Amino acid sequence: GIDMEVQAERDVMRASPVVGIDHSAYVAEAGRRRDTLVMSLTEIEAEIEVAREAVAERFRDLKKLEHARDNRLQRARYEAARREQADLDDVALEIFRREAS
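Structural notes, computed from the coordinates. If you're wondering where the values come from, they're calculated on a predicted model, not measured in any experiment. (Residues numbered from 1 in each chain as written. Predicted model: local features only at pLDDT ≥ 70, side-chain atom pairs only at ≥ 80, totals over all residues. Heavy atoms only, no water.)

Quick word on the overall build of the protein
Then, in step 1: Each helix and strand counted, the protein has 2 helices and 0 strands in total.
Then, in step 2: Within the span of the protein, comprising 101 residues, buried residues form 5% of the whole.
Then, in step 3: Carbon and sulfur atoms make up 59% of the accessible area of the protein, which amounts to about 8800 Å² in all. (Helix = DSSP H or I, 4+ residues; strand = E, 2+ residues; numbered from the N terminus. Buried < 20%, exposed > 50% of the residue type's maximum accessible area, 1.4 Å probe, protein only. Areas by Shrake-Rupley, 256 points an atom, 1.4 Å probe, with all protein chains shown as cover.)

So, in structure tokens, the structure goes:
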């Protein structure tokens, strides 16, 4: 990364004193680039955290909807079974009445 670039520049500077004149400007610019990258990384990490929170909230919403759907389906199955049993009871009562008469 940037630290490796700075070290490579130092090595070049040691090999050639003429290059050393510009070295301090290079190091300052490398420091600014590092600071910019750190700030960008911090902003991106904050955005990721916001996105994670949004995903977690949506997941909770999904679970609530799934729970409501499951309850609705369970009630529908119960009602269907109750109606079927009532129909069977009516048929059984009718058979009983016919046989009793």
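Considerations on the pattern of salt bridges
Then, in step 1: Overall, the coordinates contain 7 salt bridges when judged by the stated rule.
Then, in step 2: Taking the shortest distance from any N to any O, the salt bridge between Glu49 and Arg52 comes out at 3.9 Å. Here the residue Glu49 and the residue Arg52 both occupy positions in helix α2 (residues 20–100), the gap between them amounting to 3 residues, near one helical turn.
Then, in step 3: A salt bridge links Glu57 to Arg58; its shortest N-O distance comes to 3.7 Å. (Salt bridge = Lys/Arg side-chain N within 4 Å of Asp/Glu carboxyl O.)

Things to note about the environment of Val27
Then, in step 1: Note on placement: Val27 falls in helix α2.
Then, in step 2: For Val27, a relative accessible area of 30% corresponds to the partly exposed category.
Then, in step 3: Sequence separation between Val27 and Ile2 is 25 residues, and the spatial gap between their C-alpha atoms is 9.7 Å.

Details of a negative patch on the surface
Then, in step 1: Among the surface-exposed residues, Glu84, Asp87, Asp89 and Asp90 lie close enough to one another that they form a single negatively charged patch.
Then, in step 2: Inspection of the secondary structure assignment puts Glu84 in helix α2. (Patch = residues over 30% accessible without salt bridge, like charges linked within 9 Å, V, L, I, M, F, W, Y side chains within 5 Å. Lys, Arg positive; Asp, Glu negative; His and termini not counted. Charge placed at Lys NZ, Arg CZ, Asp CG, Glu CD.)

The quantities given are spatial measurements derived from coordinates; they are silent on function.
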